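The lines below spell out each chain.
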Amino acid sequence: MKKFSKIMIAALIVLLVIPVLGGCAPSEPTAQEDGKTLVIGVSLPTQREERWVKDKEAMVAYAEELGYEIKVQIADADQAQQTQQVENLLTQGIDVLILAPHDASASAELIKKAHEENVPVISYDRLVTSSDSLDYYLSFDNEAVGRLQGEYFVDTVESGTIMLFAGAPTDNNAKLFFQGAMSVIQPKIDSGDYKVIGGTEFQQVATDNWVPANAQNRASNILTANADEDVVGVLAPNDGTAGGIIEAFKAAGLAVPVVTGQDSELAAVKRIRSGEQAMTIFKDTRALAKAAIDMAITIGNGDTVETNGMVDNGSIEVKSVLLEPKVVTQDNFQEMLVDSGYINADELN
Ligand code: BGC
């Protein structure tokens with residue numbers, strides 16, 4: 001028996017200590033340690049949605065923790081501004097570019113410019129389309145985001161009149177979210193369970209620049225034009241637009257129907273807690289930001305990045321890493337968002 005437990009203890013030590021040692025071993029040398037001067041450039045499209053603020057904070061904190069220099073530029077949902085900022089970054093001298101494009105196809109030009117300076121590019125969260133030389137794509141499985149919204153919707157809204165919204169036409173993600181959601185919702189429209197007011201085509205239901213006020217105005221107009229309809233559900237692509245849509249119902253003096261969302265913004269989590277918004281999607285931007293920096297360092301050091309898929313950007317198959325989105329409801333927001341520290345408990349209360 002004694003012998004047995006000694007063996008067990010030895011085995012336990014091996015099991016417990018080896019992963020710990022592995023976890024502590026510095027995976028990459030830091031700039032200070034080895035005198036390398038790898039500079040990471042980041043170009044983000046906006047800070048309007050809370051998530052992009054979190055992406056930025058997490059990238060800067062992690063790059064600095066590892067000792068790498070990071071230069072971040074933010075465009076205010078404006079392609080001309082983003083182009084100029086990327087040019088500035090290239091002039092200043094960066095070794096890798098992490099680019100979340102405002103305009104998916106117009107940004108192919110930015111990849112060309114980066115490559116002229118021998119700077120590899122990671123398309124971050126949003127895919128750069130029509131580029132025949134994009135190096136990597138790092139995002140969530142965006143079609144799955146839409147599918148999760150759609151599945152929640154059809155599970156919750158059995159039948160009746162519904163409204164559909166999508167994100168910005170310039171953002172490839174918006175198309176994927178809508179495609180994913182409609183793969184589940186369309187059969188219920190075809191079967192006659194749902195009657196849609198306000199249109200079903202992406203271009204008809206898209207929200208320019210993802211602006212919540214645009215979604216709110218469109219919702220108000222549809223409600224006014226269909227005053228005799230009792231709307232039971234609204235597919236909203238993200239929390240910002242969900243907020244606008246919910247305001248439109250309130251302003252019209254109507255009960256708020258089932259409204260979906262995405263991003264796990266603080267305001268949305270408050271609405272989910274109070275029952276005003278039905279669900280959101282959790283995409284852990286901390287994990288995405290960290291993965292982007294790790295990827296940038298790996299590429300910058302000339303090493304090969306491990307990927308988990310290939311995504312067609314309309315021109316080539318891009319080596320991709322896609323993380324998993326999760327559904328958040330009243331039942332799990334505490335555990336998933338508050339306990340994990342994604343949402344600050346003090347701010348929620
Ligand atoms: C992102 C969403 C975000 C939206 C508006 C999308 O590309 O994936 O998380 O809500 O842009 O910024």
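Thresholds, definitions, all that
Residues numbered from 1 in each chain as written. Predicted model: local features only at pLDDT ≥ 70, side-chain atom pairs only at ≥ 80, totals over all residues. Heavy atoms only, no water. Buried < 20%, exposed > 50% of the residue type's maximum accessible area, 1.4 Å probe, protein only. Helix = DSSP H or I, 4+ residues; strand = E, 2+ residues; numbered from the N terminus. Pairing = 2+ DSSP bridges. Right-handed = clockwise from strand over helix to strand, strands pointing away. Near = heavy atom within 4 Å. Polar contact = N/O pair within 3.5 Å; in protein donor to acceptor, adjacent residues only side chain to side chain. Areas by Shrake-Rupley, 256 points an atom, 1.4 Å probe, with all protein chains shown as cover. Salt bridge = Lys/Arg side-chain N within 4 Å of Asp/Glu carboxyl O. 1 Å grid on protein atoms, 1.4 Å probe; cavity = no way out; pocket = protein on both sides within 12 Å on 5 of 7 lines; lining within 4 Å. Points joined across faces, edges and corners; volume = space filled by probe spheres on them. Nonpolar A, V, L, I, M, F, W, Y, C, P; charged D, E, K, R; others polar. Domains from an automatic or database assignment. Axes fitted to C-alpha atoms, helices over the stretch in contact; angles between N-to-C directions. Left-handed = near helix turned anticlockwise from the far one by under 90°. Contact = heavy atoms within 4.5 Å. Core = buried A, V, L, I, M, F, W, Y, C linked by side-chain atoms within 4.5 Å.

J.: If you had to explain the pairing of strand E8 (residues 231-235) to someone new, which residues and values would you point to?
T.: Of all five residues that make up E8, four are buried, and the element is covered over most of its length. Two elements, strand E6 (residues 160-164) and E8, share four bridges in a ladder whose sense is parallel. Within E8, the residue paired with Leu 164 across the bridge is Leu 235. For the handedness criterion, the β-α-β arrangement of E8, helix H10 (residues 239-251) and strand E9 (residues 258-259) is classed as right-handed.

J.: Just give me the short version of the site of the ligand, but keep the residues and values in it.
T.: Near the ligand the following residues occur: Glu 49, Arg 51, Trp 52, Asp 125, Arg 126, Asp 171, Asn 173, Phe 177, Trp 210, Asn 238, Asp 263 and Lys 283. Here an oxygen atom of the ligand and a side-chain polar atom of Glu 49 are 2.8 Å apart. Between the ligand and the protein, one listed contact pairs an oxygen atom with a side-chain N or O atom of Arg 126 at 2.7 Å. Relative to its unbound accessible surface of 310 Å², the ligand loses 100% to contact with the protein.

J.: Could you give an account of the pattern of salt bridges, with specific residues and numbers?
T.: Inspection of the entire model under this criterion finds eleven salt bridges. We note a salt bridge from Asp 284 to Arg 286, for which the minimum N-O separation is 2.9 Å. Taking relative accessible area as the criterion, Asp 284 reaches 19% and is therefore assigned buried. According to the relative accessible area criterion, Arg 286 is partly exposed, its value standing at 31%.

J.: Run through empty space enclosed by the protein, naming residues and quoting values.
T.: One water molecule sets the probe size; rolling that probe over the atoms shows where empty space is left. In this structure the tally under the stated criterion is three cavities of 30 Å³ or more. Lining the largest cavity we find 13 residues, and of these Trp 52, Arg 126, Trp 210, Asn 238 and Asp 263 sit closest to its centre. Secondary-structure elements contributing two or more residues to the lining of the largest cavity are helix H3 (50-66) and helix H7 (172-190). Across the lining of the largest cavity, the residue classes break down as three nonpolar, three polar and seven charged. Counting only domains with at least three residues in the lining of the largest cavity, you end up with domain 1 (39-134 + 285-323) and domain 2 (143-283 + 328-348).

J.: I'd like a rundown of the packing of helix H9 (residues 212-225) against H10, residues and numbers included.
T.: The N-to-C vectors of H9 and H10 enclose an angle of 35°; their axes lie 7 Å apart at closest approach. Between H9 and H10 lies a crossing whose hand is right-handed. Note on element contacts: H10 touches H9 through Gly 240, Thr 241, Gly 244, Ile 245, Glu 247, Ala 248 and Phe 249, opposite Pro 212, Ala 215, Gln 216, Ala 219, Ser 220 and Leu 223.

J.: Mind laying out the nonpolar core, listing which residues take part and the relevant values?
T.: The biggest cluster of nonpolar side chains holds 30 residues, and the ones touching the most others in it are Met 59, Ile 98, Ile 122, Tyr 124 and Ile 293. If you list the elements that add at least two residues to this core, you get strand E1 (39-44), H3, strand E3 (96-99), strand E4 (121-124), strand E5 (136-140) and helix H12 (285-300). Top contributing element to this core by residue count: H12, with eight residues. If sequence neighbours within four positions are ignored, Ile 293 has contacts with Ile 40, Met 59, Tyr 62, Ala 63, Leu 66, Ile 70 and Ile 98. Counting residues in each nonpolar core, the second largest holds 28 residues, with Phe 178, Tyr 194, Ala 206 and Trp 210 among its members.

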